[in-house]
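As a plain string of letters, each chain reads:
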Amino acid sequence: MTQITELTFQEIINSLQSGEISSHQLTKAYLKRIEKLEEDIHAFITITEEQALTQADKADKRFAVWRKDKTQPISPLLGVPLAVKDVLTVHNIRCTAGSKILGNFVSPYNATVVDQLLDAGMVILGKTNTDEFAMGSSTENSAYGVTHNPWDLSRVPGGSSGGSAAAVVANMAPIALGTDTGGSIRQPASFCGVTGLKPTYGRVSRFGLIAYGSSLDSAGAIARAAADIALLFPMMSGFDPKDSTSVNIPIERINLQDNIMPAQLRLGIPKEYFTSGIQPEVEIAIRKAINVLESLGIEIKEVNLPHTKYALPVYYLIAPAEASANLARYDGIRYGSRVDSTEMWDIFRKTRGTLFGAEVKRRIMLGTYALSAGYYDEYYGKAQKVRTLIKEDFDNVFKTVDLIAAPVSPTTAFKIGAHRDDPLAMYLEDIFTLPANLAGIPGITFPVGFDSHCLPIGIQLMGAPFQEEKLIRTAHAYQMVTDWHTRKPIPN
Amino acid sequence: MKPNFETIIGLEVHAELETRSKMFCGCPVVDSTEAKPNIAVCPVCAGMPGSLPVVNQQAVEYALKVALALECQINNTSIFARKNYFYPDLPKGYQISQYESPLAHHGHLKIRTQSGEKNIRIRRVHMEEDTGKLTHIPPNNGKPGYSLIDLNRAGVPLLEIVSEPDIRSAEEARSYAVTLRTLLRYLGVNSGDMQKGVIRIEPNVSIRPIGSSEFYTRTEIKNLNSFRALERAVAYEIQRQQNLFRQGKTIVQQTMGWDESHQKTFPQRTKEEEEDYRYFPEPDIPPLVIEDEWIERIRAALPELPAAKYKRFIKTYRLSSDDADLLISAQSISNYFESTVSTCPDIPPRTVANWITGELFGLINQRNITFEDIKILPRELSALLSLLHHGEINTNTAKAVLTEMFETGNDPKTIVSKSGLNQISNIAQIAKIIHDVIAANPKELETYLNGKETVSQWFFGQVMRGTGGKANPKIVKAELNRQLLELKRKQ
Ligand SMILES: [Zn+2]
């Protein structure tokens, strides 16, 4: 018999609605699975067993009422468990952002996405591991230990949403929330062989998302299949009066049944993304996937994104600059941990000096420098101008194609510690994912093969603003004719 | 001695906008000098992780009112920016302000000076948020000192109004500040209470030899909590700089504090110690777009502004400049004056003005209350002035009645009739009283008839005393003279 945690997302929903399993049973099964694998994988910072079971029981009561009178519709997500990256706040639950400085911070409010999904009846299993303040591409920068890639425990799961990606692929959660500032959903999804969506900037509320780079941050989803995201995404998007940068373009539902492939799609292949630095197996797998898409009726075109090469330096000026201000509030005064002293400036100095990790301090210093008097025009100011050029590249390309295909990162999952002493090599991990954040456009990644080490390879599709539905439907079409996304690293 | 220096002053004014809620969150704006600490605080104004600012439309509207009243140009798109610095009263570690594209610029404010009206240019008007308040508890009995933080004020909308360096004396600086405060009060955006810190004035001062057109090193003065302190601090600073200049010493660019007890400025920090605020556009708030239509709607709804009202009061009511100035100092006062005048058309407006600025203000100052607290309605004041005007009471009685009205809120007619204060104006009644007084004092009458006419003054006093001061003095004087002359003729 199939284990409960092996059920697909749609099977979970069907079994819950039919009453074959209860949300309580389902939640228990996942908690047990987490308990079993957590020591090896360490996907979670906080497991919220008690609250999860309370929410599950509440869902079961709803189901009981609904089964007697089905005229009142229920949310398709009712009773379905969810893992939440630990940079999204959940009321009364500790939220660390992977940092010691928030080691004792219990959030007095829900992030808007969390609110939306709790309203939809979801059950929160726990808070997943992340690089400190989402700064990293391996989840090694977490103050709460490294997450291990379920495909090879000696390797990283990617980052910064590494905990969420590892949890989903190891069946420790059916679906998870992540955040993506420079690739933090797409790259770990790719490293772990799962599907990850980074929505258009502004489409999902950032309220309650602990800010790293405010103009780049997006909350999104990591799932076993595009079809799962099709169910979750409409529930977590929409205008939020608490976030002035959120956009009022609601999405009712994503219909996957109509026709498998959106008609007459044109897919652009930017040559700037297929450079010599890519691991050959990665490029081969991506080219094959493009062929599969072509066979499904997509028209392939070569396109140019000439400013791509500036994305990395532009990102590493803008994101740290915003971060240097965003992280100024962690001073040990009002909440969070404090290193005490008798002198005010000493409290600031010691708290921040001791409780922030090395990468966070590095980026704060980078950002502070980029904004300093005399350097602003040369660095931050110029970066903003080039950011506009990068955005215009995409605007131009989306006049001739609907989607763009690209690698997610140059390599598959690397060994834990491989980039420990080389921050620049770590930054290069995000070279293909940063541009979408700079342009504010949506991107999806999904598995398209394995390398010779049996490590998953992902492809990235990017779309014009608010074209998430096209991305999800195209990924779903691919997954209907392939089975990469069904492969699992750890048997039950 | 001929002054060989010219003074150059610019003023930076921070005014809290008294909106219902704070600049970027839903917390109420409370009086932070009275409210219990930290009762108006939420995750946004406490700078909690993941919280985001949302611009308060009412604050923008208030700011636009001020900018339009200052005849500024409004930027159709203005940008919020982060001003970065660490301090325990600044929850986010940055203040949301405006830097490169402020709300408004290029305005002006006309002030009155000894040599007439003067135009002071306004450089910019921008919106920002206030900080919290720190209270330092010093060490006591071996217990170490500590600091308390109150975030009630954190995030309260603040308007910064920066003038061009067009001000030339301490008096002008005061006049500018007073004029600006009156304007803010008219617009209903700020109570103008300097003691409570809802309006904060920071002058920057420099001097230059007369004839020079360049700007010399300037100093900035902070912590001024009254107009008097502003004027004195600026005057002190001018003198200090002149002394340094004459002695050939350098004037250091620095921020000065004002020591109220010693009446002198003192250095707080020098330019070198000033921070680099690393301003950059606030990514959490999209550019603020203000459509022309909105601007015009606000412009159309502006009340009559103090400068216009001042001119109208002098022209229409023939008031003295001083009275007009006092009456326009707040809308509540000018409205009170105008309602009183309109309910007693036969009394000269000047008389009404005198009673308000003299007697009423005197009572208000004595009791240390505000004009808004007075119990006397305009029509009651006008009833009182009517009684006086028609001779039913005399001036002294009127003053006494006003005091009672002020205390009890009763109407003047009730007070007058209850205490029998009505003036005796009936000639027959007065004639009888005079007749009786003369008859009762034959010796004094004889002295009068013998040519000592000043005795008539004595009779006058006797009559007035006999009526308890209620007799109409004009009628008494006339009737007394008539009866005395009559007796003289009969002699
Ligand atoms: Zn608040």
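Rules and cut-offs
- Residue numbers run consecutively from 1 along every chain, following the written order of its sequence.
- In the order they appear in the text, chains get letters beginning with A and ligands get numbers beginning with 1.
- Residues qualify for local features only when their pLDDT is at least 70, as the model is predicted, and side-chain atom pairs are given and counted only at 80 or more; totals for whole chains, interfaces and linings, by contrast, use all residues.
- Strands are runs of DSSP state E lasting at least 2 residues, helices are runs of H or I lasting at least 4, and numbering of each runs from the N terminus.
- It is over C-alpha atoms that the radius of gyration is taken, and the globule rule equals 2.2 Å times the number of residues to the power 0.38.
- Backbone-placed C-beta atoms define the burial measure: a residue is buried with 20 or more other C-beta atoms within 10 Å of its own, exposed with 12 or fewer, and partly exposed in between.
- In this description, a residue-residue contact is defined by the distance between C-beta atoms placed from the backbone, which must lie within 7 Å.
- Put simply, a nonpolar core is a cluster of buried Ala, Val, Leu, Ile, Met, Phe, Trp, Tyr and Cys residues tied together by C-beta atoms within 7 Å.
- In short, DSSP must find at least two bridges between two strands for them to pair.
- Structural elements are reduced to axes, namely lines fitted to C-alpha atoms, with helices fitted over the stretch in contact, and the angle between N-to-C directions of any two is expressed from 0 to 180 degrees.
- The split of the chain into domains comes from an automatic or database domain assignment.
- Gly falls in the polar group here, along with every residue not listed as nonpolar (Ala, Val, Leu, Ile, Met, Phe, Trp, Tyr, Cys, Pro) or charged (Asp, Glu, Lys, Arg).

Q: Describe the overall build of chain B, listing the residues and the values that go with them.
A: Within chain B, the regular secondary structure consists of 15 helices and 16 strands. On C-alpha atoms alone, chain B measures out to a radius of gyration of 31 Å, which is more than a quarter above the 23 Å that the 2.2 N^0.38 rule sets for 491 residues. Taken over the C-alpha atoms alone, chain B extends approximately 100 × 60 × 55 Å along its principal axes. Out of the 491 residues in chain B, the part that is buried amounts to 38%. Look at the contacts in chain B between residues 6 or more apart in sequence, and 68% of them connect residues 24 or more apart.

Q: Please set out the nonpolar core residue by residue, giving values where relevant.
A: By size, the foremost hydrophobic cluster in this structure holds 223 residues, and its most contacted members are Leu82(A), Ala63(B), Ala67(B) and Val125(B). Per-element accounting of this core gives the leading share, ten residues, to helix H9 (residues 311-326) of chain A. Residues contacting Val125(B), with those up to four places away along its chain left out, are Ala63(B), Val66(B), Ala67(B), Leu70(B), Cys72(B), Pro102(B), Leu103(B), Ala104(B), Gly107(B), Leu159(B) and Ile161(B). Listed in part, the 30 residues of the second largest apolar core include Phe337(B), Ala353(B), Trp355(B) and Ala398(B).

Q: How would you summarise the sheet that holds strand E9 (residues 403-407) of chain A if you had to cite specific residues and measurements?
A: All names here are of chain A. Judged by pairing direction, the sheet is mixed, and its eleven strands sit side by side in the order E1-E3-E2-E4-E6-E5-E10-E11-E9-E7-E8 without closing on themselves. Looking at which strands have only one partner, the edges of the open sheet turn out to be strand E1 (44-47) and strand E8 (299-303). Sheet twist, expressed as the average angle between the axes of neighbouring strands with direction ignored, equals 30°. Bridging between strand E7 (residues 266-270) and E9 involves two bridges; their strand directions are parallel. Across the sheet, the residue bridging to leucine 267 is leucine 403, located in E9. Contacts between helix H7 (residues 226-236) and the sheet are confined to strand E4 (175-180), strand E5 (195-198), strand E6 (218-223) and strand E10 (443-450), with E6 contributing the most and set at about 140° to the helix.

Q: I'd like a description of the domain arrangement of chain B, backed by residues and values.
A: A common way to state how big an interface is: give the accessible area lost once the parts meet. Residue and element names in this part refer to chain B. According to the domain assignment, chain B consists of domain 1 (5-297), domain 2 (304-418) and domain 3 (427-490). Relative to domain 2, the C-alpha centre of domain 1 lies at a distance of 36 Å. At the interface, six residues of domain 1 touch six residues of domain 2. When the residues that make up the side of domain 1 that touches domain 2 are grouped by side-chain class, the tally is three nonpolar, one polar and two charged.

Q: Tell me what's going on with unusual backbone geometry, and back it up with residues and numbers.
A: Residues and elements named next belong to chain A. Residue serine 160 is bonded to the preceding glycine 159 through a cis peptide linkage, with omega at 10°. Following the sequence through the fold, serine 160 ends up in the loop between strand E3 (123-128) and helix H5 (162-169). At histidine 42, a position not held by glycine, the phi torsion is positive, near 55°. For alanine 97, which is not glycine, the phi torsion reads 55° and is therefore positive.

Q: Give me the environment of Lys474(B): which residues, what numbers.
A: Residue and element names in this part refer to chain B. Tracing the backbone shows lysine 474 in helix H15 (residues 473-490). Classification of lysine 474 by C-beta neighbours within 10 Å gives exposed; the count is 11. Once the C-alpha coordinates of lysine 474 and threonine 454 are considered, the two residues, 20 residues apart in sequence, prove to be 17 Å apart.

Q: Give a description of the interface of chain B and chain A that names residues and reports values.
A: On the side of chain A, 38 residues touch chain B, which itself brings 25 residues to the contact. Residues that form the side of chain B that touches chain A fall into these classes: 16 nonpolar, four polar and five charged.

Q: Please provide a residue-by-residue account of the pairing of E5(A), values included.
A: Residue and element names in this part refer to chain A. What you see with E5 is no split at all: Thr195 and Leu197 on one side and Gly196 and Lys198 on the other are buried throughout. By the bridge criterion, three bridges tie E5 to E6 in an arrangement that is antiparallel. In the sheet register, threonine 195 faces E6, and the bridge partner there is alanine 223. Inspection of the sheet shows E5 paired to E10 by three bridges, in the antiparallel sense. What sits directly across from leucine 197, in E10, is isoleucine 444.

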